Amino acid sequence: MQQIEQRQTSNVKQQTTNFLIVGQGLAGGVLAWELHQKGFSLAVVDEGLPNTSSKIAAGMFNPVNTKRFTVSSNAESSIKEALAVYKAIEKALQIDIIHHQNIYNVFGNNKEVNDYSAKLDHPFFKQYTNESPAPEKNIIQPFGAFEVGLSGWVDVKKMLDAMRNFIATKHILLSEFFDYTLLKQEEENWVYKNITAENVVFCEGFKGNNNPFFAELNIIPCKGDVLEFEAPQLEPTRVVKKGIYIVPLGNGKFKCGSTYKWENNDATPLLSDKEELTQKIAELINVPFTVTTHYAAIRPTTKTRETIIAKHPTLPNMYALNGLGTKGVINGVKCVRQLIETLDK
Ligand SMILES: Cc1cc2nc3c(=O)[nH]c(=O)nc-3n(C[C@H](O)[C@H](O)[C@H](O)COP(=O)(O)OP(=O)(O)OC[C@H]3O[C@@H](n4cnc5c(N)ncnc54)[C@H](O)[C@@H]3O)c2cc1C
């Protein structure tokens, strides 16, 4: 009797999967979803930290670069492609995560007004922007504003939380730190603890810089801060943007971001960053507000601003997906699809 019990506790069941994914942020989460859709079996390892880049992000999608009033040639198709994926996730997991909300872009000065006016012949600006939007109340806007459509935000935290439960139910979820020293190659497969996987994909965000298998990802960490605040008298119908964005969450609550602290990989929220954002809110709205929460996290960016979809040069069936930068909501879907195309080859 004793012998049998011993054998049962020490003999942890060995499990085989098509993919082992390290990291369940936007990159690993969307990858897990798309691979699941294709019928692959998965094991996902994620340490489950509360304030990661994906979990605190506002999750906005916005086709227009409002600093330079440019729009990339594939903005429309990229947004539509990404939204189709999030829509499918919404439906399958029975959650509401997509918030279609136009962006009310407040001009900072006359130059911006002129720069925008010069773009009005551009087909995209003609179709998706409005030069004379209904004004938002309680917004400081001496130079006026224009409005952008095809925009809004995805509740990424809600999506990742629901997806984590889904993975735990349908696949294998290890809610723990991934120890690189335990990953062993066995012929063409990879063995991690009791999991044998045909492929490994690393999606660790800025922590990818610690990955000994991909020593040259060169992720540039970019710290960002987000505040949640309450302003009962503020009732915008759109996201308000002027350097910072103010996203209405309902019931007089708002999310505001963000700062950009390049080369900074310390996610500790600092009072000075909170003050910087608080000051910017005070310059944009003319009603009282109370800051309730301050979050900070690190974005994984790259020098060229291009995302990283890497196949290991020598080791078999090993990949990295990273560098989603400041636009993870759109870049995540694009990158995942490109990686899956690479796998098919
Ligand atoms: C303040 C802020 C605001 C933002 N706003 C927007 C926005 O409005 N729109 C937009 O599109 N993008 C936005 N972004 C950018 C977007 O959040 C990022 O592009 C995206 O989150 C990156 O996703 P990721 O999966 O690569 O990384 P992460 O979100 O960092 O996910 C990596 C995951 O891997 C886990 N992990 C890492 N190493 C290990 C290990 N060894 N073991 C176990 N687990 C591990 C981490 O804990 C984490 O869960 C914002 C980012 C910030 C910080």
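Residues numbered from 1 in each chain as written. Predicted model: local features only at pLDDT ≥ 70, side-chain atom pairs only at ≥ 80, totals over all residues. Heavy atoms only, no water.

### Examining the overall build of the protein chain
- Assigned secondary structure in the protein chain consists of nine helices and 22 strands.
- Relative to a compact globule of 345 residues, whose C-alpha radius of gyration would be 20 Å, the protein chain shows 22 Å and is just as compact.
- Principal-axis analysis of the C-alpha atoms places the extent of the protein chain at approximately 80 × 45 × 40 Å.
- Counting all 345 residues of the protein chain, 50% fall into the buried class.
- As displayed, the protein chain offers around 17300 Å² of accessible surface, 48% of which is attributable to carbon and sulfur atoms.
- Separation between the mean location of the 37 positive side-chain charges and that of the 37 negative ones in the protein chain comes to 2 Å. (Helix = DSSP H or I, 4+ residues; strand = E, 2+ residues; numbered from the N terminus. Rg over C-alpha atoms; globule rule 2.2 N^0.38 Å. Buried < 20%, exposed > 50% of the residue type's maximum accessible area, 1.4 Å probe, protein only. Areas by Shrake-Rupley, 256 points an atom, 1.4 Å probe, with all protein chains shown as cover. Lys, Arg positive; Asp, Glu negative; His and termini not counted. Charge placed at Lys NZ, Arg CZ, Asp CG, Glu CD.)

### Structural notes on the sheet that holds strand β6 (residues 98-100)
- Taken in spatial order, the three strands of this open sheet run β3-β10-β6, and their pairing is antiparallel. Both edges of this open sheet fall to β3 (60-61) and β6, since each of them pairs with a single strand only.
- Direction of pairing for β6 relative to strand β10 (residues 152-154): antiparallel, over a ladder of three bridges. The partner of H100 across the bridge, within β10, is G152.
- Against the sheet, helix α4 (residues 75-93) engages β3, β6 and β10, with an angle of about 130° to β6. (Pairing = 2+ DSSP bridges. Contact = heavy atoms within 4.5 Å. Axes fitted to C-alpha atoms, helices over the stretch in contact; angles between N-to-C directions.)

### Focus: the side chain of H171
- Secondary-structure assignment places H171 in the loop between α7 (156-170) and β11 (172-174).
- For H171, a relative accessible area of 16% gives the class buried.
- At 3.2 Å, the side chain of H171 forms a polar contact with the backbone nitrogen of L42.
- Leaving out residues up to four positions away in the same chain, H171 has contacts with H36, F40, S41, L42 and F166. (Polar contact = N/O pair within 3.5 Å; in protein donor to acceptor, adjacent residues only side chain to side chain.)

### Concerning the nonpolar core
- Ranked by internal contacts, the top residues of the largest apolar core, which has 65 residues, are I21, L31, Y86, I89, M159 and L321.
- Counting residues per element, this core draws most heavily on α4, at eight residues.
- In contact with M159, other than residues within four places in its own chain, are L26, V30, Y86, I89, I95 and I97. (Core = buried A, V, L, I, M, F, W, Y, C linked by side-chain atoms within 4.5 Å.)

### Concerning the pattern of salt bridges
- Scanning the model with the defined rule gives 15 salt bridges in all.
- One salt bridge in this structure joins E76 and K80, with 2.9 Å as the shortest N-O distance. One end of the pair, E76, and the other, K80, are both in helix α4, four residues apart, so they sit about a helical turn from each other.
- Assessed through its relative accessible area of 27%, E76 is described here as partly exposed.
- K80 gets classed as partly exposed once you look at its relative accessible area, which sits at 44%.
- Between K157 and D161 there is a salt bridge, and its shortest N-O distance comes to 2.6 Å. Remark: D161 and K157 occur in helix α7; sequence separation between them is four residues, near one turn of the helix. (Salt bridge = Lys/Arg side-chain N within 4 Å of Asp/Glu carboxyl O.)

### A short note on the packing of helix α2 (residues 26-37) against α4
- Orientation of α2 relative to α4, taken along the N-to-C sense of each, is 70°, at an axis distance of 11 Å. Of the possible angle classes, the one that applies to α2 and α4 is roughly perpendicular. Considering only the axes of α2 and α4, their crossing is left-handed. When α2 is examined against α4, the residues L26, V30, W33 and E34 are found in contact with a partner set consisting of V85, Y86, A88, I89, A92 and L93. (Parallel < 35°, antiparallel > 145°, perpendicular 65-115°, else oblique. Left-handed = near helix turned anticlockwise from the far one by under 90°.)

### Some points on the site of the ligand
- Contacts to the ligand come from 37 residues, most closely from D46, E47, S54, F178 and G325.
- Between the ligand and the protein, one listed contact pairs an oxygen atom with a backbone N or O atom of L26 at 3.1 Å.
- Within the backbone of G328, an N or O atom sits 3.0 Å from an oxygen atom of the ligand.
- Its free accessible area being 1000 Å², the ligand has 97% of it covered by the protein chains.
- Secondary-structure elements contributing two or more residues to the shell around the ligand are α2, α3 (53-56), β15 (220-230), β20 (290-301) and α9 (328-344). (Near = heavy atom within 4 Å.)

### As for the state of the cysteines
- One pass over the structure, following the stated rule, counts zero disulfides.
- Here C256 is not cross-linked by a disulfide; its sulfur's nearest cysteine counterpart is in C222, at 16 Å.
- The class of C256 is buried, set by a relative accessible area of 0%.
- C335 takes part in no disulfide bond, and the closest cysteine sulfur, belonging to C203, lies 9.3 Å away. (Disulfide = S-S within 2.5 Å.)

### Digging into the packing of aromatic side chains
- As enumerated under the stated definition, the model contains 21 aromatic pairs in all.
- Considering the side-chain rings of F124 and Y128, the 4.8 Å spacing of their centres and the 40° angle between planes classify their relative orientation as tilted. In this pair, F124 and Y128 are both assigned in helix α6 (residues 123-128), four residues apart and thus about one turn of the helix distant. Each member of the pair, F124 together with Y128, is buried.
- Three or more aromatic residues joined by ring pairs form one cluster here, namely F69, F107, Y116, F124, F125, Y128 and F146. (Phe/Tyr/Trp six-rings, centres within 6.5 Å; stacked < 30°, edge-to-face > 60°.)

So, to be careful, I would describe these as geometric facts and stop short of saying anything about function.
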